[in-house]
Amino acid sequence: MSVESPQVKQQDGPTMAPDRPVLTAAIAMVVLLGLVLSATRPPGLPENGVIDSITQNVAVETEEDPPAEGSEEGTTVVDAATVPGTEETTVDYEGDSEVAVAYPAIPNADPLTDFLDRTLTAQVHAFDAANPGAASFEGEWRLTAARDGVVGVRITTTETDSEETRVGHSTYWYETDDGSVHGSSGLLAGQEELAALNDLVREDVPDTVTAGSLHPISGLYDSLAFSPEGDLVVEFDDGQVAPTEEGRVDVVIEREEAEELLSEFGARARDAATQGVEEFTVHAAPEADKDGGDAISPGEISPIDDEIDCSDPETRCVALTYDDGPGGRTPELLDTLAEYDAKATFFVTGYPVMEDPWTVRRTYAEGHELANHTLAHPDLATLGAGGVRGDLDPVQALVYRETGYTMDLMRPPYGSTNDTVAEVTEEMGLAQILWSLDTNDWKDRKADVVADRALDGASDGAIILMHDIHGTTIDASHEIIRELDEEGYTMVTVSQLLGTPEPGQSYVDGVPEAPEDDDDQDD
Ligand code: ZN
């Protein structure tokens, strides 16, 4: 935005010597007029423009851009025709559902186009995989900013399965200078700011919103945009935080309040969204697709804490693992883990995830690791490759849809695995995690017995098997976590314990030695 300094000129006046009182009165008039007009100025027009036009006596046409326009949902809309050469393209899809997902291809913005293609393809796949009754998935797009090196694309999806139709939104932000694409959480300065936003949203949401559904994770805050006035518009999909029939839930955070939450790029995006534009051209395509680089965006929660080094002999790490959940008392277990700043790994099963997505989101938000324990808990060794994939894929999709997180680990039910399972999990990027200590908590529903087994067997590098669907295990865990903490153990996620486990490989513990073969792990 060019800011011209206001000038008071004596244009075409009589050529007499300047008379101080007259000039002062003239300035006072201009200032007064400026104040009156700026109080009634249309939104989006900068003050300087008004002063300029006044001082130039309204004779000169202003070259200001038109004011930004808003959609019926409150977010800025930019006519795609202002970005010359923009074309619409669609996601390629082969499958049974009816899929029609469009997105923009803007000249010289290839990293954005590629990102949209990948991301929307993943969304279609996840919808398909997570819904046995998947029927159709449609997507359309609008630009929500296009100027000053920033492009905002808002995608609206409509998905229909055998039960209902849900409308959802996501907004992506592109920096033309370096070709980086940001999810919406990339508008925020950091995790703390996302947590602060989550608190503001929680105060403001309607009563229909499900308690415990809001967490500061990128998968939930995936549609942040601005109004033409610069307010931050936070949108949630149908059914995401409230019953589907309540429709879209949105919260508007006023510009002043949002200001301190935004990153430097977020503030630029806001500025871009609050002014219209006659024409905007992206000049050069950057060389590489940066895709936000390696940096973790706010709301992407890593299961690995860089401060902890399990390979350090001084640090005794142990991995508590809980299968088959989430269960009814899992939140209570999360409370205890939080109290001791302990982390655990949850090998979740498909149907419990569908029933209680709120606990899944909370588990992720609090830094625990989510891992795949199949949809229906079959003995994978009895299935062919298609069957194995068919039982793992839906859970990957369900967790991705709830959290935005792609899981790296799986645990075969009953510890039953074979070469086929190894091949499929390798293809899917999943390491197989078994265990070194079985508490047999499913068999012996006695809290003290389970606690004793866990504590007697705990050692540096151990992976301890439990199930958070049993109340006795939750009771036992209070004691296990307290005792391990007292004994100086660091309770970590499996990924933290193992470093970077290899997809397809199976692991029984994190004691530094070569991992064993797949074959003799049955339990
Ligand atoms: Zn299990």
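If you're wondering where the values come from, they're calculated on a predicted model, not measured in any experiment. (Residues numbered from 1 in each chain as written. Predicted model: local features only at pLDDT ≥ 70, side-chain atom pairs only at ≥ 80, totals over all residues. Heavy atoms only, no water.)

Caption draft 1: Looking closely at the sheet that holds strand β9 (residues 224-226). Across the sheet, three strands lie side by side as β9-β10-β11; this open sheet has antiparallel pairing. Of all strands in the sheet, those bounded by a partner on one side alone are β9 and β11 (249-253). Within the sheet, the average angular offset between the axes of one strand and its neighbour, ignoring direction, is 25 degrees. Pairing analysis gives five bridges linking strand β10 (residues 232-236) to β11, with the strands arranged antiparallel. (Pairing = 2+ DSSP bridges. Helix = DSSP H or I, 4+ residues; strand = E, 2+ residues; numbered from the N terminus. Axes fitted to C-alpha atoms, helices over the stretch in contact; angles between N-to-C directions.)

Caption draft 2: Quick peek at helix α12 (residues 447-457). Within the sequence span of α12, burial applies to Val450, Ala451, Ala454 and Leu455. One side of α12 holds all its buried residues, which, seen down the axis, span an arc of 120 degrees. Where α12 is buried, its residues touch β17 (437-438), β18 (463-467) and α13 (471-486). (Buried < 20%, exposed > 50% of the residue type's maximum accessible area, 1.4 Å probe, protein only. Arc of directions from axis to C-beta. Contact = heavy atoms within 4.5 Å.)

Caption draft 3: Representation of the coordination of the zinc ion. Listed as protein donors to the zinc ion are Asp324 (OD), His373 (NE2) and His377 (NE2); their distances from the metal cover 2.0 to 2.2 Å. In the primary structure, the donors to the zinc ion are separated according to the pattern D-x48-H-x3-H. With Asp324 in the loop between β12 (317-323) and α7 (330-339) and His377 in the loop between β14 (369-372) and α10 (385-403), this residue pair connects regions lying 53 residues apart in the sequence. Both residues of the pair, Asp324 and His377, belong to the buried class. (Donors = N, O, S within 2.8 Å, 3.2 Å for Na, K, Ca; no water.)

Caption draft 4: How the structure looks around the sheet that holds strand β8 (residues 180-182). Taken in spatial order, the six strands line up as β3-β4-β5-β6-β7-β8 in an open sheet, and their pairing is mixed. Each edge of the sheet is formed by a strand with only one pairing partner; in this case those strands are β3 (87-90) and β8. On average, each strand axis in the sheet is tilted by 25 degrees relative to the strand beside it, whichever way the strands run. As paired strands, β3 and strand β4 (residues 98-105) are joined by four bridges and run antiparallel to one another. What sits directly across from Glu88, in β4, is Pro104. Along the sheet, helix α3 (residues 110-130) contacts β4, β5 (136-147), β6 (150-160), β7 (165-175) and β8; its crossing angle with β4, the most-contacted strand, is approximately 165 degrees.

Caption draft 5: Fine view of the side chain of Thr119. By the secondary structure assignment, Thr119 is in helix α3. Taking the relative accessible area as the measure of exposure, Thr119 reaches 14% and is therefore buried. Polar side-chain contacts of Thr119 include one of 2.8 Å to the backbone oxygen of Phe115. (Polar contact = N/O pair within 3.5 Å; in protein donor to acceptor, adjacent residues only side chain to side chain.)

Caption draft 6: View of the state of the cysteines. In total, this model carries one disulfide according to the counting rule given. Put simply, Cys310 and Cys317 are joined by a disulfide, and their sulfur atoms are 2.1 Å apart. Handedness of the Cys310-Cys317 disulfide follows from its S-S torsion of about -90 degrees: it is left-handed. In this structure, Cys310 and Cys317 share a single accessibility class: buried. (Disulfide = S-S within 2.5 Å.)

Caption draft 7: A look at the pattern of salt bridges. Scanning the entire structure with this criterion turns up 25 salt bridges. Measuring nitrogen to oxygen at the nearest pair gives 3.1 Å for the salt bridge that ties Arg166 to Asp161. Grouping residues by exposure puts Arg166 and Asp161 together as buried. We note a salt bridge from Arg268 to Glu175, for which the minimum N-O separation is 3.3 Å. (Salt bridge = Lys/Arg side-chain N within 4 Å of Asp/Glu carboxyl O.)

Caption draft 8: Summary view of the nonpolar core. With 75 residues, the main nonpolar core has Leu197, Tyr221 and Leu320 as its most contacted residues. Residue contributions to this core peak at five residues, all from α13. Counting contributing residues per domain, this core is built from domain 2 (69-273) and domain 3 (316-507), each supplying no fewer than three. If sequence neighbours within four positions are ignored, Tyr221 has contacts with Ser184, Ser185, Leu194, Leu197, Asn198, Val201, Leu214, His215, Pro216, Val234 and Phe236. Membership of the second largest hydrophobic core comes to 28 residues, among which are Ala109, Ala146, Val153 and Val181. (Core = buried A, V, L, I, M, F, W, Y, C linked by side-chain atoms within 4.5 Å. Domains from an automatic or database assignment.)

Caption draft 9: Geometry of the packing of aromatic side chains. With the rule as written, the count across this model stands at six aromatic pairs. On the numbers, 5.5 Å between centres and 20 degrees between planes, the contact of Tyr322 with Phe346 is stacked. Placement of Tyr322 in strand β12 and of Phe346 in strand β13 (residues 344-348) is noted, with a sequence separation of 24 residues between them. On the accessibility criterion, Phe346 (2% relative accessible area) is buried. Positioned above the aromatic ring of Tyr489 is the side chain of Arg316, whose terminal nitrogen or guanidinium carbon lies 4.2 Å from the ring centre. Between the NZ or CZ atom of Arg411 and the centre of the ring of Phe347, over which it lies, the distance is 4.2 Å. (Phe/Tyr/Trp six-rings, centres within 6.5 Å; stacked < 30°, edge-to-face > 60°. Lys NZ or Arg CZ within 6 Å of the ring centre and 35° of its normal.)

Caption draft 10: How the structure looks around the confidence of the model for the protein. Residues at a pLDDT of 70 or more form 84% of the protein, whose mean pLDDT is 87. A low-confidence stretch, residues 1-62 stays under pLDDT 50, and its non-local contacts, those more than four residues away or across chains, total 28 contacts. (pLDDT = per-residue confidence, 0-100.)

Caption draft 11: Inspection of the packing of α7 against α13 at higher detail. Taken N-terminus to C-terminus, the directions of α7 and α13 make an angle of 5 degrees; their axes are 10 Å apart at the nearest point. Considering their axes alone, α7 and α13 lie roughly parallel with respect to each other. Within the contact between the two elements, α7 uses Glu332, Leu333, Thr336 and Leu337 and α13 uses Ile474, Ser477, His478 and Ile481. Broken down by class, the residue content of the contact of α7 with α13 amounts to four nonpolar, three polar and one charged. (Parallel < 35°, antiparallel > 145°, perpendicular 65-115°, else oblique. Nonpolar A, V, L, I, M, F, W, Y, C, P; charged D, E, K, R; others polar.)

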